[in-house]
Amino acid sequence: MQKPLVIALAGNPNAGKTTVFNAITGARQHVGNYPGITVERKEGCVTCGDRKLQLVDLPGTYSLTAYSQEEVVAREYLADERPDAVIHVLNASALERNLYLTVQLLELGAPVMLALNVMDEARAHGWIVDSERLSKLLDLPVVETIARTGKGMDELLAAAGTHAQENQNADWKPLTISYGPDLDPVIAEMVDAIEREKFLTDRYPARWTAIKYLERDDAVLEQGRNAGKVAETLEDLARRVAEHCRTTLNMDPEAIIADYRYGFISSILKQGVLSREDRKERILLSDKIDRVLTQRLVGPIIMVAVLFAIYNLTFVLGEVPMGWLESLFGFLHDTAASILPDGLLQSLVVSGVIDGVGGVLGFVPLIMIMFFCISFLEDSGYMARVAYMLDKVFNFFGLHGSSVMPFIISGGIAGGCAVPGVMAARTLRSPKEKIATVLTAPFMTCGAKLPVFILLVGVFFPTHQALALFLVSLAGWTMALVTSKVLRCTVIRGPSTPFVLELPPYRMPTFRGMCIHTWERTWHYIKKAGTVILAVSILLWALMTFPSLPQDQVTQFETMAETAQTQALAEAQAQNLSTEETDALVTSSLDDVANQEAEAALLHSYAGRIGTALEPVTSWAGFDWRLNIALVGGFAAKEVVISTLGTSYSLGEVDPEDSGSLAERIESNPNFTMATAVALMAFVLIYAPCFVTVVTIAKETNWKWAIFSTAYSTIIGFVLAVVLYQGLSVT
Amino acid sequence: MSEQIHSLRGLAVGVKAEVRRIEAHGELGRRIRDMGLIPGTEIEVIGRAPLKDPVALRLRGFTLTLRNNEADFIYVEPLASSN
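About the criteria used
Residues numbered from 1 in each chain as written. Chains lettered and ligands numbered in written order. Predicted model: local features only at pLDDT ≥ 70, side-chain atom pairs only at ≥ 80, totals over all residues. Heavy atoms only, no water. UniProt positions renumbered as here; feature names shortened; annotations may be inferred. Helix = DSSP H or I, 4+ residues; strand = E, 2+ residues; numbered from the N terminus. Buried < 20%, exposed > 50% of the residue type's maximum accessible area, 1.4 Å probe, protein only. Contact = heavy atoms within 4.5 Å. Areas by Shrake-Rupley, 256 points an atom, 1.4 Å probe, with all protein chains shown as cover. Lys, Arg positive; Asp, Glu negative; His and termini not counted. Charge placed at Lys NZ, Arg CZ, Asp CG, Glu CD. Disulfide = S-S within 2.5 Å. Pairing = 2+ DSSP bridges. Axes fitted to C-alpha atoms, helices over the stretch in contact; angles between N-to-C directions. Buried area = accessible area lost by both parts, 1.4 Å probe. Salt bridge = Lys/Arg side-chain N within 4 Å of Asp/Glu carboxyl O. Polar contact = N/O pair within 3.5 Å; in protein donor to acceptor, adjacent residues only side chain to side chain.

As recorded in an unreviewed UniProt entry, chain B goes by Ferrous iron transport protein A and comes from Oceanidesulfovibrio marinus.

The name an unreviewed UniProt entry gives chain A is Ferrous iron transport protein B, with Oceanidesulfovibrio marinus as the organism. What UniProt states about chain A under its Sequence similarities (unreviewed entry) heading is, verbatim, "Belongs to the TRAFAC class TrmE-Era-EngA-EngB-Septin-like GTPase superfamily. FeoB GTPase (TC 9.A.8) family." If you open the UniProt record of chain A and go to Function (unreviewed entry), you find "Probable transporter of a GTP-driven Fe(2+) uptake system."

Pasting the structure below:
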């Protein structure tokens, strides 16, 4: 079998690279992350004639410098894997800027070919591009494409196949351009030294390494220091020429290098490649739209409306399929309960596995709808405008304009979910702002916390329910923003990432592209549910089940059940009840005993012991053992808070949607005061994100941050709860 | 002539100008250059965000945004024709 030809796809963000990749590979692609980092790695296979082609989608970059992870990944891939061809997808309407990356790819020696994409937009701009001439001048294949409509895709694939075949096993021939009288002699001197010592020459061309030393590229400098002694000589040469340039020209070598690269590009474009129709510059449709969508007053109003609409679409539309999944898992729950004999195995399968995984998979419809909407906003270009409009506010709190979406989805408008919210933070390219966003987004009032708030507000603030809920949401926002400000001044310190961002022209996204995006992200989530989350759900089940009640207590409850049954029967006889009424009375008195047994079992379990052990500490915030267990369970999923409280108040399982009986029980408990309620609400709002969120945080950043998030939010939440409880108890 | 050169922050919406000097170093400097903002480039301020910051520029056929405090490092000379 022939080895497939490897073709890498490189290009600027917004040039349509992903659309080209999707159009070529369709559904035959798989997505993962590069080991250890969250930069997406996409691959797909396709056959062209009788050859198999393997397409690798490199992350979108403007350049091959080593500042962002994307750039490092793209560069290292090319240097280490040496693909047989590199398709560089360019935005033909911003050709000059896009060719900057081409020059860098050529300097690395990669067998580049160009796909001049969005030719239709270029024409709308009034640009005339002579692609044949460009091909001749740069001596590489150039294909014109409109990836959105599929135009030029077959030609591109054919040309790429041929180009790859020709370059297979061929040596890379790096492009040499002049960097002027100040730098050229130094580069020559450095190249001599590099070639003499064979310094890094197995990875990079000698001239390329020399230029990187002049650009003070940290990644290469570090590799160099480990590779050999020449590194010192090179660094020395670079330092001297840098000083010279600064004193004579008041410029850094890297600025000079950039100037010459753009000079090289413009000299090519001026040789008849790029010309402009001789007519008044058109006002483009995109600019017209922007005049409305980013207008000072109308812009923000539209933005709020769009965000609100997405939110509604996600949670209103998502409710229906979520209901189906709930019924499906309810059915599995009942079926498993009836098939398996009573006992531990049944409890494990039903409460541990089915309910645990069901709780997680129940979110899948929400995640799909939300990512579909986000894909639309991203692919259409609107998301960049949202970041543009909100950056000023978010930057003040140490965040980035793009942090808004994760916040809203996590429950910025009460009722969201932090899991898709944290995943939405992927759109943030700057690592520090991303971590700050991911760590604070779970403070929002997600849909699982809401039932707790509704229950407590109903009991303690019956006349001001809406206001109280609104204030809780506001508290979530305040905590998130203030905390991120604090985090950005302490553990995630550092200057804000530059907001040098492209506003891409508005485009109609392709339905196929949005579906692929949505499915990629959803599948990630589902895979997680099957592994880590299943394990934790079983662990929590075990905590709340073991150790089981000692035999003598079980016997005691059995006796109580018998007595209750006898009493109920006697009472029914005395009151002369019908058979049905008798049955109902017996069942309810048996349920009473079962609930008491469940309460006793919960108290006896490890979870109950943890709850009791925590009482001396948590009593500062007014929490008793019942609340403690509920909150421990709430770590698995906040929905569990209410159902666990039900068990601990010997009410059996309580439905979070219908917690009337629990409300009565809380109202009649003299130890449960308004101060307790407020402290509890504060704690539930702030304390550790649910486990699914923690796993998601770990996936998007790393486990260190996930554990940090769990610890610091629990501490902040507890301190806040203590302050509120003590403060309110005094008055 | 040199009196005409001032930082990009002061440029009004709709004004075209040519970039003269860029005094940003490090990551910001590199990002700005990677995006095609180098001396000699013609730019036009096409808008400001609702809170006046960031600013949106048109150059080399695409739209770029940056914050005002980043624009401070970019010195431009307004083009006569646009006044």
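After that view, the rundown keeps rolling.
Draft legend 1. Fine view of the overall build of chain A. Secondary structure summary: chain A contains 31 helices and 10 strands in total. Its C-alpha atoms give chain A principal-axis dimensions of roughly 110 × 60 × 55 Å. For chain A, the residues scored as buried account for 54% of the 731 residues in total. In chain A, once contacts between residues fewer than 6 apart in sequence are set aside, the share between residues at least 24 apart is 74%. Carbon and sulfur atoms provide 60% of the accessible area of chain A, an area that totals close to 32,200 Å². Chain A carries 57 positive and 77 negative side-chain charges, and their two centres are separated by 11 Å.

Draft legend 2. Seen up close, the state of the cysteines. Residues and elements named next belong to chain A. In this structure the tally under the stated criterion is zero disulfides over all chains. Not engaged in a disulfide, the cysteine Cys373 finds its nearest cysteine sulfur in Cys515; these two sulfurs lie 12 Å apart. Free cysteine Cys417: the closest other cysteine sulfur is in Cys446, separated by 6.3 Å.

Draft legend 3. Seen up close, the sheet that holds strand E4 (residues 55-59) of chain B. An order of E10(A)-E5(B)-E4(B)-E3(B)-E2(B)-E6(B)-E1(B) is seen for the seven strands of this open sheet, with the pairing classed as antiparallel. What marks the edges here is a single partner per strand, and that holds for strand E10 (501-503) of chain A together with strand E1 (6-7) of chain B. As paired elements, strand E2 (residues 16-22) of chain B and strand E3 (residues 42-48) of chain B share three bridges and run antiparallel to each other. Among the inter-strand pairings, Glu18(B) is bridged to a residue of E3(B), identified as Glu42(B). Sheet strands touched by helix H16 (residues 382-396) of chain A: E10 of chain A together with E3, E4 and strand E5 (62-66) of chain B. Its angle to E10(A), the strand with the most contacts, is close to 125°.

Draft legend 4. Main features of the pairing of E5(B). Counting buried positions along E5(B) gives five out of five residues, so the element sits mostly inside the fold. Along E5(B), one buried face is formed by Phe62(B), Leu64(B) and Leu66(B) and the opposite face, lined by Thr63(B) and Thr65(B), is buried too. Of the pairings in the sheet, the one linking E10(A) to E5(B) comprises three bridges and is antiparallel in character. Note that in E5(B) the partner of Leu503(A) across the bridge is Thr63(B). The pairing of E4(B) with E5(B) spans five bridges and is classified as antiparallel.

Draft legend 5. How the structure looks around the interface of chain A and chain B. Counting residues at the interface gives 44 residues for chain A and 34 residues for chain B. When the buried surface of chain A facing chain B is broken down by residue, Tyr67(A), Tyr388(A) and Val500(A) rank first, second and third, together holding 21% of it. Inspection of the region where chain A meets chain B yields six salt bridges. In this structure, the salt-bridge partner of Glu254(A) is Arg30(B), at a minimum N-O distance of 3.1 Å. At the junction of chain A with chain B, the criterion picks out 19 residue pairs in polar contact (both at pLDDT 80 or more). When contributions to the side of chain A that touches chain B are tallied by element, the ones reaching two or more residues are helix H3 (95-108), helix H11 (253-273), H16 and E10 of chain A. Examining the composition of the side of chain A that touches chain B, we find that six residues originate from one element, H16(A), more than from any other.

Draft legend 6. Region of interest: the pattern of salt bridges. All names here are of chain A. In total, this model carries 34 salt bridges over all chains according to the counting rule given. Residue Lys212 pairs with Glu215 through a salt bridge whose shortest N-O separation is 2.8 Å. Grouping residues by exposure puts Lys212 and Glu215 together as buried. Residues joined by salt bridges that share partners form a network here, namely Arg75, Glu76, Asp80, Arg203 and Asp217.

Draft legend 7. Expanded view of the UniProt feature "domain: Ferrous iron transporter FeoA-like" (unreviewed entry) in chain B. Under the present numbering, the feature "domain: Ferrous iron transporter FeoA-like" (unreviewed entry) in UniProt falls on residues 6-78 of chain B. With 18% helix and 42% strand, residues 6-78 of chain B has its two end C-alpha atoms placed 9 Å apart.

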